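# A look at the structure
So you can see what is in the structure, the chains are spelled out below.
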Amino acid sequence: ALASGGSGEPDPKRARPAAPAAVDEDEVNPQYEGETMLAAAHEAALEETQALALVFQPYIPRRLTPEVMGGPVGTAHPETIVEAAAMASVSPPEPTYRPKLDESLLLPPAGGGTSRLSSVQFESVVYAGQAHQGTCEPVEGLTCARGFYIGDGTGVGKGRQIAGVILDNWMQGRRRAVWVSISAELLYDCRRDLKDLCEGLQEIPVFPLHKLPYGQLDADEGIGDGVLFTSYSALIAANKQNERRLDQIVSWAAGGSEPALYAGVIALDECHKAKHAATDGRLRPTKTGEAVIELQRRLPRARVLYVSATAASEVKDLAYMERLGLWGKGAPFPSFADFTNEMSRGGMCAMELLAMDLKARGLLVSRMLAFSGCSYEISTATLTLAQRHLYDSAAELWLKVLDLFDAAAAANDGCAFGSGGGGGNAAGKHVWASHQQFFRQLLNSLKATHVLRQTEDALANGFSVVLGLMSTGAARMADAEARAGGDGGKGETLMEAVSAPAEILRQLLEKHLPTGGDGDGSLAARRDALVAELDALPMPPTALDIVVSHFGPDRVAEMTGRKRRLLLLPDGTARTESRAKPNVPLDQVNLHERSAFMRGEKRVAIISEAASAGISLHADLAFANTQPRMHITMELAWSAEKQLQQFGRTHRARQAQPPHYKLLVSDVGGEARFAATIAKRLAVLGAITRGDRRGASGASFAQFDFDSVHGHRALELLLVAIGDGACEQRLWERFRHFFEAKGAQNQAALAQAQAASNLAAADGNASPAELAAATAAA
């Protein structure tokens, strides 16, 4: 259920999907004893979810009044904006900065309505300017302008706030700004926000860096004052002459003077792309994270904006936010390492206090669109007996694969992969990465039949459907197409259906099996036998191909990163083709597909990671398709940030109908464990960015959180049962005994405390403190 008006059921005022079709009892797994305990746990999770209604409070910028600011402060935001209740208990500092903006931006139009900058958006411009007047020293000897963090969720208008800060600085003579975003496709949104805000006042040109040549950007050629728009991938790009885009950006920003003197705006939109900027002892920093830090250090006086609703799901992910003054000279912590160590020791509570502290110092705003009317449910995709048999057969095949890699490692004087999860070399990493990807893709394909049925039901009941997944299988399709003798993607290729999980295992065996010590050829023979065994398994096609082929490309708006798609044909073969229609460039395909969905020409949309940020697929009043959205999550993202970004595509401002979210999870325990990891990271994300561990999505994933006393005890019981060779019935008996013993202990403790309370109350000589202590114990 979603907070602030959300519920566990679709809104009764809207069309709702019909009840799921009856399932053949002969096809599904037998119901195991002990389900009543699981049902009780689920009910407890729902009760916790209902308590989330207290998480959020309506947001009003109380410090920003016409009397304080000496003029208009913008009309109320057109949508209901909320803030975590914990954050609402903290007041920002008194506003002392006065932006140089035309008053017409803060007044309603003549015909009535909302000002171009609402009050909550104007508040960000004010506190950003106020923060930029301060300084910090994140590394020794480098004094920088302090930064500002806009952590708002969808519906508040982060792009409009960036445009407001840029316009404010433009009016003060700082006329060169850098806008970094997640994709070049968001250039349109950048231009739209600047045009809507500046129309009739100033014309601020936008220069797309990806369309400009390398080398010096000359004002004589029209690349002068304005906004240089670039993507994070461009920050790390270089040509064959080793000319870097980053150097080009710094040179343009400086405008012929020293880079250290540049004092314009650097807007890091969707800044979570830079989260892996610090090493954690296992992984090296990403090039993107290093480039973002380098850009900030080479332009120390730049006014930096960090903009993302999902800035970090772990404390170490904040390394790129050097300008917030959290570490360094004069900061609470001497270094970033000290900051991460202390915050990690403080746990979730310390992270929540961090967000509240940033707001109290005027360095953070974190508001979001209210979840009023939204609804949420978890749907279980129960595997059929045939699907369970296939899953078990795949697991048995993987045991043989691990044995083969162990043998290969021994032949090459390496360590085993199967027993200890080891393999410190590249082959070992490939084994376990492929293992996880294989079963994720297999479950996606097995869940596809449930997705088709639920999508058909939703369409019949007046919904438009958005299907969310992360993997497209494009690389696996390309491998299979090359093996089938394709023409390199220039035309159509007839081939067999591609199974992403099968291709993953095939690539592992054929490309990553160490055979250096295979003198007698036995390893190669075992490998070939396993490939043959894989080919004999009835592996399902890739999930995305199943859905697109079922509805057809003319009914599905596919917004993914793949250039070609594979259509399954009735005779069991498949055909590959380009996603782009004639006269439509490949880099514009997703925009055309989005437009078709928003116009109602296509009522099913599929979004992958490539389209999980920056686009809007909600029931927008400005478009023809205002049907309520049914957002079905087929596959959970690898990170909490990406999952939350995808949720935000269907719940935005100016929507005619709130969405209904459906999280589809199979009844395989491995997927539930993966969901538990995402649930934990969503809690950390909410703590860091919203000041409340429950504030990230408004939804409770409590039933997936196994990191508890009961979860640890359950794992212990399971391992003991496996070691004893106990049957499933015996395992449930141990669970029941544990919970019954726990319940008896709790009842005894409660009775003892109640008796102490009664005794103290009966004792006329008991002091108020003793009475209070007894009552607290009870």
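Up top is the structure these notes are about.
Described in the following lines is the structure provided in the data block. Since the structure is predicted, the reported quantities are computational estimates derived from the model, not experimental observations. (Residues numbered from 1 in each chain as written. Predicted model: local features only at pLDDT ≥ 70, side-chain atom pairs only at ≥ 80, totals over all residues. Heavy atoms only, no water.)

## Some points on the packing of aromatic side chains
For the record, the criterion: Whether two aromatic rings pair depends on their centres lying within 6.5 Å, for rings of Phe, Tyr and Trp, where Trp uses its six-membered ring; planes under 30 degrees apart make the pair stacked, over 60 edge-to-face, and the rest tilted. A helix here means a DSSP run of H or I that spans at least four residues, while a strand means a run of E at least two residues long, and both kinds are numbered starting from the N terminus.
One pass over the structure, following the stated rule, counts 10 aromatic pairs. On the basis of an interplanar angle of 70 degrees and a centroid distance of 6.0 Å, the ring pair of Tyr306 and Tyr320 is categorised as edge-to-face. You can see Tyr306 sitting in strand β10 (residues 303-307) and its partner Tyr320 sitting in the loop between β10 and α10 (336-360), a full 14 residues away along the chain. Here the aromatic cluster, defined as three or more aromatic residues joined through ring pairs, consists of Trp327, Phe333, Phe336 and Phe339.

## Here's the deal with the sheet that holds strand β7 (residues 206-208)
Strands in a sheet are paired, the pairing made by backbone hydrogen bonds, and the direction either parallel or antiparallel. Keep this limit in mind: Between any two strands, pairing holds if DSSP finds at least two bridges.
Taking strand neighbours across the sheet as the criterion, the seven strands line up as β7-β8-β6-β9-β10-β5-β11 in an open arrangement whose pairing is parallel. Two strands in the sheet have a free side with no partner beyond their single neighbour: β7 and β11 (364-365). Where strand β6 (residues 176-181) and strand β8 (residues 226-231) come together, six bridges link them in parallel fashion. The residue bridging Ser181 from the neighbouring strand is Ser231, located in β8.

## What to know about helix α9 (residues 287-298)
For clarity, the cut-off: For a helix, the expected span equals 1.5 Å multiplied by the number of residues minus one. Here, two residues are considered to be in contact whenever any of their heavy atoms come within 4.5 Å of each other.
Taking 1.5 Å per residue, 12 residues should reach 16 Å; α9 reaches 16 Å between its end C-alpha atoms and fits that length. Its buried side turned inward, α9 meets α7 (232-235), α8 (245-254), β9 (265-269) and β10.

## Thoughts on helix α6 (residues 187-198)
Defined as follows: Under the scheme applied here, a residue whose accessible area is under 20% of the maximum for its type counts as buried, over 50% as exposed, and between as partly exposed, the area being computed with a 1.4 Å probe on protein chains only.
Taking 1.5 Å as the rise per residue, α6 with 12 residues should run 16 Å; its terminal C-alpha atoms sit 16 Å apart, in good agreement. Those residues of α6 lying buried are Leu187, Asp189, Cys190, Asp193, Leu194, Leu197 and Cys198. Of the surrounding elements, those touching the buried residues of α6 are α5 (158-171), β6, β7 and β8. Remark: Gly200 follows α6 within two positions and exhibits a positive phi of approximately 85 degrees.

## What to know about the pattern of salt bridges
So the rule is basically this: The salt bridge criterion pairs a side-chain nitrogen of Lys or Arg with a carboxyl oxygen of Asp or Glu, the two atoms within 4 Å.
Within this structure, the stated rule accounts for 31 salt bridges. Linking Arg192 and Asp189 is a salt bridge whose minimum nitrogen-to-oxygen distance equals 3.2 Å. Pair noted here: Arg192 and Asp189 are both in helix α6, with a separation of three residues, about one helical turn. Arg244 serves as the salt-bridge partner of Glu294, at 2.7 Å between the closest nitrogen and oxygen. Placement of the pair is Glu294 in helix α9 and Arg244 in the loop between α7 and α8, with a sequence separation of 50 residues.

## Details of the nonpolar core
The following threshold applies: Take the buried Ala, Val, Leu, Ile, Met, Phe, Trp, Tyr and Cys residues and link them wherever side-chain atoms come within 4.5 Å; each set so joined is a nonpolar core.
Judged by nonpolar contacts, the single largest core of 93 residues is most densely connected at Leu305, Tyr320 and Phe339. It is α10 that contributes the most residues to this core, nine residues altogether. For Tyr320, the residues in contact, after removing those within four places along its chain, are Cys271, His272, Ala274, Lys275, Ala277, Val292, Ile293, Gln296, Tyr306 and Ala311.

## Topic: the packing of helix α4 (residues 119-132) against α5
To keep things clear, this is the line we draw: Only the stretch in contact is used when fitting a helix axis, every axis being a line fitted to C-alpha atoms; angles between N-to-C directions are given from 0 to 180 degrees. In this scheme, roughly parallel covers angles under 35 degrees and roughly antiparallel covers those over 145, while 65 to 115 is roughly perpendicular and the rest are oblique. By definition, any crossing whose near helix is turned counterclockwise from its far helix by less than a right angle is left-handed, and any crossing with a clockwise turn is right-handed. Note on residue classes: Ala, Val, Leu, Ile, Met, Phe, Trp, Tyr, Cys and Pro are nonpolar, Asp, Glu, Lys and Arg are charged, and everything else, Gly too, is polar.
For the pair α4 and α5, the least separation of the axes is 9 Å and the interaxial angle reads 50 degrees. Between α4 and α5, the crossing angle belongs to the class labelled oblique. Remark: the crossing between α4 and α5 carries right-handed chirality. Contact residues: Gln121, Ser124, Val125, Ala128 and His132 in α4; Arg160, Gln161, Gly164, Val165 and Asp168 in α5. Looking at side-chain class alone, the contact of α4 with α5 contains three nonpolar, five polar and two charged residues.

## Some points on the packing of helix α14 (residues 500-511) against helix α15 (residues 522-536)
The interhelical angle for the contact between α14 and α15, taken along N-to-C directions, is 175 degrees, at an axis separation of 10 Å. One finds that α14 runs roughly antiparallel with respect to α15. Side by side, α14 and α15 meet where Ala502, Leu505, Arg506, Leu509 and Glu510 of the first sit next to Arg527, Leu530, Val531, Leu534 and Asp535 of the second. Partitioned by chemical class, the residues of the contact of α14 with α15 number six nonpolar, no polar and four charged.

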